[in-house]
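Each chain, written out:
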Amino acid sequence: MAEQRVRPPWWLKYVNKVFIGLSALGLGGEKGPAVLTVVGRRSGKPRSTPVTPFVVDGARYVVGGLPGADWVANLRAAGTATLKQGRRSHSVRVVEMPAEQARPLLRQFPTLVPTGVSFIRNAGLVTEGTPDEFEALAGRIPVFRFDPA
């Protein structure tokens, strides 16, 4: 079953470019947002997007944001990526969590990544941003685990 694509806000591309530029300068720190770079599935060129990883039980995860996002399709196709957080860069292998394993992770997302709640709410995927609403997104938006490559 194909994901239903959600159109990103018009300003997202510009904000992402600013964030990626700031990250290239090493700003942002080790615990905040990161830049995920993955090889494009069609172009073969590196594609970068800001993400906010979160940690549960010692493992790092990221939520795929908008259904149908190009970076998610690239990540699925590549299986590996580079994650730059602060001044550190790591090669990672990505594992997409099945819906049953994604549920408890999505439930924790509003608490662990409060900045992501408004983004998902503005996209119309949740109304309040409660843990129950996020848990219900399992199978609709992907969750990936980052393992060392």
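Throughout, a residue's number is its position along its own chain's written sequence, starting from 1. Where local features are concerned, this predicted model is filtered to residues with pLDDT of at least 70; where side-chain atom pairs are given and counted, the filter is 80 or more; whole-chain, interface and lining totals use all residues. Side-chain metrics rest on all non-hydrogen atoms present in the structure, leaving aside hydrogens and water.

## Some remarks on the overall build of the protein
The line we're drawing: Helix and strand labels come from DSSP, where a helix needs a run of H or I of at least four residues and a strand needs a run of E of at least two; each type is numbered from the N terminus. Each residue gets one of three labels from its accessible area relative to the maximum for its type: buried under 20%, exposed over 50%, partly exposed in between, using a 1.4 Å probe on protein chains only. Here, residues are in contact when the closest pair of their heavy atoms is within 4.5 Å. Each accessible area is a Shrake-Rupley estimate made with a 1.4 Å probe; only the visible protein chains count as cover when residues are assessed.
Scanning the protein from terminus to terminus reveals 5 helices and 7 strands. Going from N to C terminus, the protein has its helices and strands arranged as α-β-β-β-β-α-β-β-α-α-α-β. Residues classed as buried in the protein amount to 40% of the 149 residues present. Here the analysis covers contacts within the protein between residues at least 6 apart in sequence; of these, 66% occur between residues at least 24 apart. For the protein, the exposed area adds up to about 8600 Å²; of that, 54% sits on carbon and sulfur atoms.

## Describing the environment of Thr52
If you trace the backbone, Thr52 turns up in the loop between β2 (46-51) and β3 (54-56). Taking the C-alpha atoms as reference points, Thr52 and Gly64, 12 residues apart in sequence, are found 10.0 Å from one another. With sequence-adjacent residues up to four places away left out, Thr52 is seen in contact with Pro33, Tyr61, Val62 and Val113.

## A word on the pattern of salt bridges
As a reminder of what qualifies: Criterion for a salt bridge: a side-chain nitrogen of Lys or Arg within 4 Å of a carboxyl oxygen of Asp or Glu.
Enumeration over the complete set of coordinates arrives at 7 salt bridges. One salt bridge connects Glu100 with Arg103, and the closest N-O pair in it is separated by 3.0 Å. Here Glu100 pairs with Arg103, and both are found in helix α3 (residues 99-112), just 3 residues apart, close to one helical turn. Overall, Glu100 belongs to the exposed group, its relative accessible area being 57%. In this structure, Arg107 and Asp132 form a salt bridge, with 2.6 Å as the shortest nitrogen-oxygen distance. With Arg107 in helix α3 and Asp132 in helix α5 (residues 131-135), this residue pair connects regions lying 25 residues apart in the sequence. Owing to a relative accessible area of 52%, Asp132 belongs among the exposed residues under this scheme. A cluster of three or more residues bridged by salt bridges with shared partners is formed by Arg93, Arg145 and Asp147.

From the geometry alone we can't say anything about function, so treat these as descriptive.
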